[in-house]
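# Structural description and commentary
As a plain string of letters, each chain reads:
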Amino acid sequence: MLKTLSIAVLAGVLSAGAASAGMLNVHNPNMRFDSVSPALTELDAYFVRPGKPVSVDRVREIQLGASRDDVASLLGQPVRMAKNGKAWDYNLKFVTAEDGEIVCQYKVLFGNGNAVEETVWRRPQCRDLVIGRN
């Protein structure tokens, strides 16, 4: 019982520490990403979701503490910004060997010092591609 409690307390402390320290490449589909729906002009139109072509290596260059200018130079301007400027949304297109192309929704969150505090992926496949799990 004591061992189980200690492990639970330790896990809580580690989670709290990670949250306050910031995180990169988190997967969270519930982080207010816009829903994507095709704008079809014909019933048989090919479904294409637009995304900015970018290399995985460029996304890997984004680090905690990076400035807005750093992010913009690596990824360009976001497709959407929060009114307070603290969240930038991107639709990024990666070329993959397995799928051909994948469009990924990516959110960059800035802290009070206008530095990257967290990055979030909507889809786990996208996060895994960037952190090298596939």
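Residues numbered from 1 in each chain as written. Predicted model: local features only at pLDDT ≥ 70, side-chain atom pairs only at ≥ 80, totals over all residues. Heavy atoms only, no water.

## Digging into unusual backbone geometry
In this structure, Asn 25 is a non-glycine residue whose phi angle is positive, near 60 degrees. Here Asn 25 shows up in strand S1 (residues 23-27). Positive phi is not limited to glycine here, since Asn 114 has a value of about 60 degrees. Here Asn 114 is to be found in the loop between strand S5 (100-110) and strand S6 (116-121). Judged by its relative accessible area of 35%, Asn 114 is partly exposed. (Helix = DSSP H or I, 4+ residues; strand = E, 2+ residues; numbered from the N terminus. Buried < 20%, exposed > 50% of the residue type's maximum accessible area, 1.4 Å probe, protein only.)

## Looking at the pairing of strand S4 (residues 87-96)
Counted residue by residue, S4 has nine buried out of ten residues, so it is predominantly covered. Inspection of the sheet shows strand S2 (residues 52-53) paired to S4 by two bridges, in the parallel sense. Looking at the pairing, Pro 53 lines up with Lys 93 of S4. Looking at chain direction, strand S3 (residues 80-81) and S4 are connected through two bridges and run antiparallel. (Pairing = 2+ DSSP bridges.)

## Focus: helix H4 (residues 124-131)
All of the buried residues along H4 are Cys 126, Arg 127, Asp 128, Leu 129 and Val 130. Of the surrounding elements, those touching the buried residues of H4 are S1, helix H2 (56-60), S4, S5 and S6. Immediately beyond the C-terminal end of H4, within one or two residues, lies Gly 132, with a positive phi of roughly 85 degrees. (Contact = heavy atoms within 4.5 Å.)

## With respect to the nonpolar core
Counting 23 residues, the largest nonpolar core has Val 59, Val 71, Leu 75, Leu 92, Phe 94, Tyr 106 and Trp 121 as its most contacted members. Secondary structure elements with two or more residues in this core: H2, helix H3 (68-75), S4, S5, S6 and H4. Those residues in contact with Tyr 106 that sit more than four places away from it in its chain are Asn 25, Phe 33, Val 59, Ile 62, Leu 75, Trp 88, Asp 89, Tyr 90, Leu 92, Thr 119, Val 120 and Trp 121. (Core = buried A, V, L, I, M, F, W, Y, C linked by side-chain atoms within 4.5 Å.)

## Section: the pattern of salt bridges
Opposite charge on two side chains permits pairing when their charged atoms draw close. Taken as a whole and assessed by the stated rule, the structure comprises five salt bridges. For Asp 89, the salt bridge is made with Lys 107, and the minimal N-O distance between the two is 2.7 Å. A residue pair is termed long-range when its members are at least 10 positions apart, and Asp 89 in strand S4 and Lys 107 in strand S5 qualify at 18 residues. We note that Asp 89, like Lys 107, is buried. Two residues, Glu 101 and Lys 93, come together in a salt bridge whose shortest N-O distance is 3.9 Å. A single network of salt bridges, built from pairs that share partners, joins Arg 80, Asp 89 and Lys 107. (Salt bridge = Lys/Arg side-chain N within 4 Å of Asp/Glu carboxyl O.)

## Here's the deal with the environment of Asp 70
Within the fold, Asp 70 resides in helix H3. Given a relative accessible area of 39%, Asp 70 falls into the partly exposed group. Along the primary structure Asp 70 and Val 116 are separated by 46 residues, whereas in three dimensions their C-alpha atoms are 9.5 Å apart.

## A short note on the side chain of Asp 89
Residue classification places Asp 89 among the buried residues on the basis of a relative accessible area of 10%. When neighbours within four sequence positions are excluded, Asp 89 is seen to be in contact with Pro 78, Val 79, Arg 80, Tyr 106 and Lys 107.

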